[in-house]
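Each chain, letter by letter, is given below.
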Amino acid sequence: GHMTPLGKLMDHVWLAKRMGRATDVDLGKAHEDGILSQQDWADIVHTCRGCSWAPKCDEWLSRLDKAPCAPATCLNRARFEELRRRGRVV
(Lines give C-alpha, C1' and ligand atoms only; values in the text may rest on other atoms or scores of the structure.)
Protein backbone atom coordinates (compact mmCIF):
# COMPACT_ATOMS: atom_id res chain seq x y z
CA GLY A 1 0.00 0.00 0.00
CA HIS A 2 0.99 3.61 -0.48
CA MET A 3 2.07 5.28 2.73
CA THR A 4 1.97 9.02 3.16
CA PRO A 5 5.01 10.17 5.14
CA LEU A 6 4.25 11.26 8.68
CA GLY A 7 5.79 14.69 8.04
CA LYS A 8 2.87 15.45 5.75
CA LEU A 9 0.42 14.49 8.47
CA MET A 10 2.11 16.87 10.90
CA ASP A 11 1.78 19.69 8.36
CA HIS A 12 -1.97 19.25 8.50
CA VAL A 13 -2.05 18.90 12.26
CA TRP A 14 -0.36 22.32 12.38
CA LEU A 15 -2.60 23.81 9.70
CA ALA A 16 -5.69 22.73 11.62
CA LYS A 17 -4.30 24.14 14.89
CA ARG A 18 -3.44 27.42 13.18
CA MET A 19 -6.87 27.65 11.58
CA GLY A 20 -8.36 27.05 15.00
CA ARG A 21 -6.27 29.83 16.50
CA ALA A 22 -7.08 32.22 13.64
CA THR A 23 -10.81 31.62 14.06
CA ASP A 24 -10.75 31.78 17.83
CA VAL A 25 -11.09 28.05 18.44
CA ASP A 26 -8.75 26.54 21.02
CA LEU A 27 -8.64 22.92 19.90
CA GLY A 28 -6.62 21.83 22.93
CA LYS A 29 -9.14 23.37 25.30
CA ALA A 30 -12.05 21.99 23.31
CA HIS A 31 -10.53 18.56 23.76
CA GLU A 32 -10.05 19.08 27.51
CA ASP A 33 -13.62 20.33 27.85
CA GLY A 34 -14.85 17.19 26.09
CA ILE A 35 -16.26 19.14 23.14
CA LEU A 36 -13.69 17.71 20.75
CA SER A 37 -13.17 13.94 20.89
CA GLN A 38 -10.01 12.21 19.72
CA GLN A 39 -12.05 10.91 16.77
CA ASP A 40 -13.29 14.42 15.88
CA TRP A 41 -9.72 15.69 15.92
CA ALA A 42 -8.58 12.79 13.72
CA ASP A 43 -11.45 13.58 11.32
CA ILE A 44 -10.47 17.25 11.14
CA VAL A 45 -6.87 16.37 10.28
CA HIS A 46 -8.00 13.68 7.81
CA THR A 47 -10.36 16.16 6.11
CA CYS A 48 -7.58 18.74 5.99
CA ARG A 49 -5.25 16.23 4.34
CA GLY A 50 -7.80 15.56 1.63
CA CYS A 51 -8.39 19.26 0.95
CA SER A 52 -6.92 20.48 -2.32
CA TRP A 53 -6.88 24.07 -1.03
CA ALA A 54 -4.60 23.20 1.92
CA PRO A 55 -1.38 24.52 0.29
CA LYS A 56 -3.01 27.95 -0.10
CA CYS A 57 -4.37 27.72 3.42
CA ASP A 58 -0.85 28.20 4.73
CA GLU A 59 -0.58 31.49 2.79
CA TRP A 60 -4.02 32.60 3.95
CA LEU A 61 -3.10 31.95 7.58
CA SER A 62 0.22 33.75 7.17
CA ARG A 63 -1.50 36.87 5.87
CA LEU A 64 -3.77 37.38 8.85
CA ASP A 65 -3.74 36.77 12.57
CA LYS A 66 -7.45 36.59 13.20
CA ALA A 67 -10.39 35.83 10.97
CA PRO A 68 -14.14 35.91 11.69
CA CYS A 69 -14.36 32.36 10.37
CA ALA A 70 -12.50 29.83 8.27
CA PRO A 71 -12.57 30.62 4.54
CA ALA A 72 -15.31 29.10 2.40
CA THR A 73 -12.63 26.94 0.79
CA CYS A 74 -11.90 25.21 4.12
CA LEU A 75 -13.50 21.76 4.28
CA ASN A 76 -13.53 21.95 8.08
CA ARG A 77 -15.22 25.36 8.17
CA ALA A 78 -18.55 24.13 9.57
CA ARG A 79 -16.71 22.11 12.20
CA PHE A 80 -14.70 25.12 13.37
CA GLU A 81 -17.89 27.21 13.49
CA GLU A 82 -19.58 24.58 15.62
CA LEU A 83 -16.61 24.30 18.00
CA ARG A 84 -16.41 28.06 18.39
CA ARG A 85 -20.12 28.30 19.14
CA ARG A 86 -19.93 25.53 21.74
CA GLY A 87 -16.68 26.82 23.19
CA ARG A 88 -18.36 30.15 23.96
CA VAL A 89 -21.13 28.38 25.85
CA VAL A 90 -18.75 26.50 28.16
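Parameters and conventions
- Residues numbered from 1 in each chain as written.
- Predicted model: local features only at pLDDT ≥ 70, side-chain atom pairs only at ≥ 80, totals over all residues.
- Heavy atoms only, no water.
- Helix = DSSP H or I, 4+ residues; strand = E, 2+ residues; numbered from the N terminus.
- Rg over C-alpha atoms; globule rule 2.2 N^0.38 Å.
- Buried < 20%, exposed > 50% of the residue type's maximum accessible area, 1.4 Å probe, protein only.
- Polar contact = N/O pair within 3.5 Å; in protein donor to acceptor, adjacent residues only side chain to side chain.
- Contact = heavy atoms within 4.5 Å.

Enquirer: Run through the overall build of the protein, naming residues and quoting values.
Expert: A count of helical and extended segments in the protein gives 5 helices and 0 strands. N-terminal to C-terminal, the α/β element order of the protein is α-α-α-α-α. A globule of 90 residues ought to have a C-alpha radius of gyration of about 12 Å, and the protein, at 13 Å, matches this closely. With the principal axes as the frame, the protein shows a C-alpha extent of 45 × 30 × 15 Å. Among the 90 residues that make up the protein, the fraction classed as buried is 36%.

Enquirer: Run through the side chain of Thr23, naming residues and quoting values.
Expert: Mapped onto the elements of the fold, Thr23 is located in the loop between α1 (6–22) and α2 (27–32). Overall, Thr23 belongs to the buried group, its relative accessible area being 1%. One polar contact links the side chain of Thr23 to the main-chain carbonyl oxygen of Met19, over a distance of 2.7 Å. The contact partners of Thr23, leaving out residues within four places of it in the chain, are Ala67, Cys69, Ala70, Phe80 and Arg84.

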